[in-house]
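# Structural overview for review
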Amino acid sequence: MIVLEAKGLTKRFGSTVALNHVDLTLEVGDPIALIGPNGAGKTTLLSLVCGFLRSTSGDLTVLGESPGSAALHGRVAALPQDAQLDPRFSVARQLELLARLQGQGKRDARKDVARVLELVQLQQSSEAKPSELSHGMGKRIAIAQLLLGKPEFALLDEPTAGLDPPNVKIIRDLISATAAETTYLISSHNLDELEKVCKTAVFLERGQLKRHMTIDELEDEENSQLTLRMPSVSFDEFREAVAQIPGVVGVDQRQQHDFIVSYDRSPAGVPDIAILQLLKDKNWNYRHLILGKTLEDRLF
Amino acid sequence: MKNAFLIAQFEVTRLLLTRRGLISVLAFALVWFVILRYAIYPASRFVAGNTDNVLLQMVLNQINLNELAGWLVPELSVYWVFALYLLPLFCITLTADQTATDRARGTLRFLHLRATRSQIFLGRFLGQMLVQALFIGVTVLTTFGLALYRDQTLAAAGLEHMLVIIVNLLIVLLPYTALMALMSVFAKSARQAVMFAIILWIATALALRAVAQYFPDLTMLELVLPGSQVSSLLKLRTWETLEFSIIPLVQTAVLLLLGWFAFRRVDL
């Protein structure tokens, strides 16, 4: 089933083209990452899908309906970037209104509010006003509203921006726990987190769709690369040692402790076992060994 | 429509259950007490005096309100005058922030995922009318209470007058509330919405005056402005007042249509 279909989607703000003839089809399934540099059009795309903005031209359907239409109420949810709840009302009262607008009765709405607050581990904050909560708690409350009524399609715009690691983990675990019933489209600059949660990625740049790819499947060039993080070994020392391994054709330094080993598959296959043996013999510690490249290295 | 009513209901909650709302209620109550005790009460004593009172006749003739002397419940007649002039001013400030602040803050985005733009726009408008109905109800009842305190035999006569007043005041406030619904679509705050309303009002009044000066046949264009029928209403006291209701109802429909059209297009 298709959750989102865009054909020639364009959005202009005056003379600025935020989205330029984007063609994109997304299907129900695992979480999808929406990636791109600042100004790529990610927030614009999410806002168009939610019906907050009107497109300049092109077609866009969400679950087969027009964005913002009544048929999508309760089926599409979102965590808009920078949107805030009313600071004058308690969290529970506002969430209850939102649940009732989705068609729930008063009693069901109260139960659903309790359920989602428990999911985000903020039951004790139900009577607090949004202005009394920390940034992380406020973000979790915003995610709680997204989970009301179990939506089919949920859009998250920078869900972990400005959050400390414990809160990031709570949100990541929440997405993983609910991914079976909800298809997530997550826009974020935190590529490490996206790699842990998402299976596919959509890459936007300057308003255009550049790539739509599966994160787990390796691309052709990556079939002959390994990425290692070696926190306690210098690059020169590592390169000299690894270059001796049969099949290794080159070693590059991505960052201070991130090294990429290029090899020729034909004679001996993937040299990962040989490299691990080398690390053991040299008594070198490693943080991770990845077949291929990280998402960040693939895209940027 | 169910969602529009839910949103309208929430507006009443906003008045009664938030600190800012309660402060507004308190301010209104204090102002109303002062008006009731030091304006309506003494004025109604004056009007309730002997109808052969020459001074009374002179005063009312001067302000073209002879009919006030004929009201069976003078307190309600004085309330009628005060309310027709003061309530629209109160309305403009009370109803200025129907969508402006929530749109600037992003709160409307959470609502829009569960309600259409039409439901939000109409719900907020209805909510403001409900709040004003509450204020009108309380003020009319307290005024009537004052009359009954003086003379309990006025109960029957006063009931119909009360209903006439309540219905007419609500109709008078409809176009002002609709105007603020429209201004709120373009403003980023309540204060900005009030500024827009003042600018639009003065500009329109000046333009209409200029048109009337050069084209006397087009004087009736002044009916475009909300409140244009108030001076005619002052002279009436029963259900014949509803003859003038078509003007504010048409004004309301036009302003709401413009506001609805704009709200459907604005970025949330």
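Relevant structure appears above.
Turning next to the nonpolar core. Ranked by size, the top nonpolar core spans 144 residues in total, and within it A:F153 and B:Y79 carry the most contacts. The element that contributes the greatest number of residues to this core is helix 8 (residues 155–186) of chain B, accounting for 14 residues. Once residues lying within four places of it in the same chain are set aside, the contact partners of B:Y79 are B:W32, B:I40, B:L87, B:I136, B:T139, B:V140, B:T143, B:I165 and B:L169. A:V233, A:V248, A:F259 and A:L279 belong to the second-largest nonpolar core, a separate cluster that totals 18 residues.

Another point: the environment of A:H257. All names here are of chain A. Within the secondary structure, H257 is located in the loop between strand 11 (248–255) and strand 12 (258–263). On a C-alpha basis, the gap between H257 and S234 in space is 7.6 Å, while along the polypeptide they are 23 residues apart. Excluding its chain neighbours within four sequence positions, the residues that come into contact with H257 are L228, R229, M230, P231 and V233.

Residue and element names in this part refer to chain A. Per the stated rule, a full pass over the model turns up 10 aromatic pairs over all chains. These aromatic residues form a ring-pair network of at least three members: F235, F238, F259 and W284. Sitting over the face of the ring of F13, K11 holds its NZ or CZ atom 5.0 Å from the ring centroid.

The subject of this paragraph is the packing of helix 8 of chain B against helix 11 (residues 246–265) of chain B. Residues and elements named next belong to chain B. Put simply, helix 8 and helix 11 touch, their axes get as near as 8 Å, and they point 15° apart. Considered as vectors, helix 8 and helix 11 are oriented roughly parallel to each other. Every pair of crossing elements has a handedness; the one defined by helix 8 and helix 11 is left-handed. Residues I171, L174, P175, A178, L179, L182, V185 and F186 of helix 8 lie in contact with helix 11, whose contacting residues are P248, L249, Q251, T252, L255, L256, L258, G259, A262 and F263. Looking at the contact of helix 8 with helix 11 residue by residue, the class counts come to 15 nonpolar, three polar and no charged.

All names here are of chain A. If you check the backbone angles, H21 has positive phi at about 50° while not being a glycine. The topology assignment puts H21 in strand 2 (residues 16–27). Here the phi dihedral of Q121 falls at roughly 60°; this positive angle occurs in a residue that is not glycine. Counting through the fold element by element, Q121 comes out in the loop between helix 3 (106–119) and helix 4 (135–147). Looking at Q121, the relative accessible area reads 44%, which means it is partly exposed.

Parameters at a glance
Residues numbered from 1 in each chain as written. Chains lettered and ligands numbered in written order. Predicted model: local features only at pLDDT ≥ 70, side-chain atom pairs only at ≥ 80, totals over all residues. Heavy atoms only, no water. Core = buried A, V, L, I, M, F, W, Y, C linked by side-chain atoms within 4.5 Å. Buried < 20%, exposed > 50% of the residue type's maximum accessible area, 1.4 Å probe, protein only. Helix = DSSP H or I, 4+ residues; strand = E, 2+ residues; numbered from the N terminus. Contact = heavy atoms within 4.5 Å. Phe/Tyr/Trp six-rings, centres within 6.5 Å; stacked < 30°, edge-to-face > 60°. Lys NZ or Arg CZ within 6 Å of the ring centre and 35° of its normal. Axes fitted to C-alpha atoms, helices over the stretch in contact; angles between N-to-C directions. Parallel < 35°, antiparallel > 145°, perpendicular 65-115°, else oblique. Left-handed = near helix turned anticlockwise from the far one by under 90°. Nonpolar A, V, L, I, M, F, W, Y, C, P; charged D, E, K, R; others polar.

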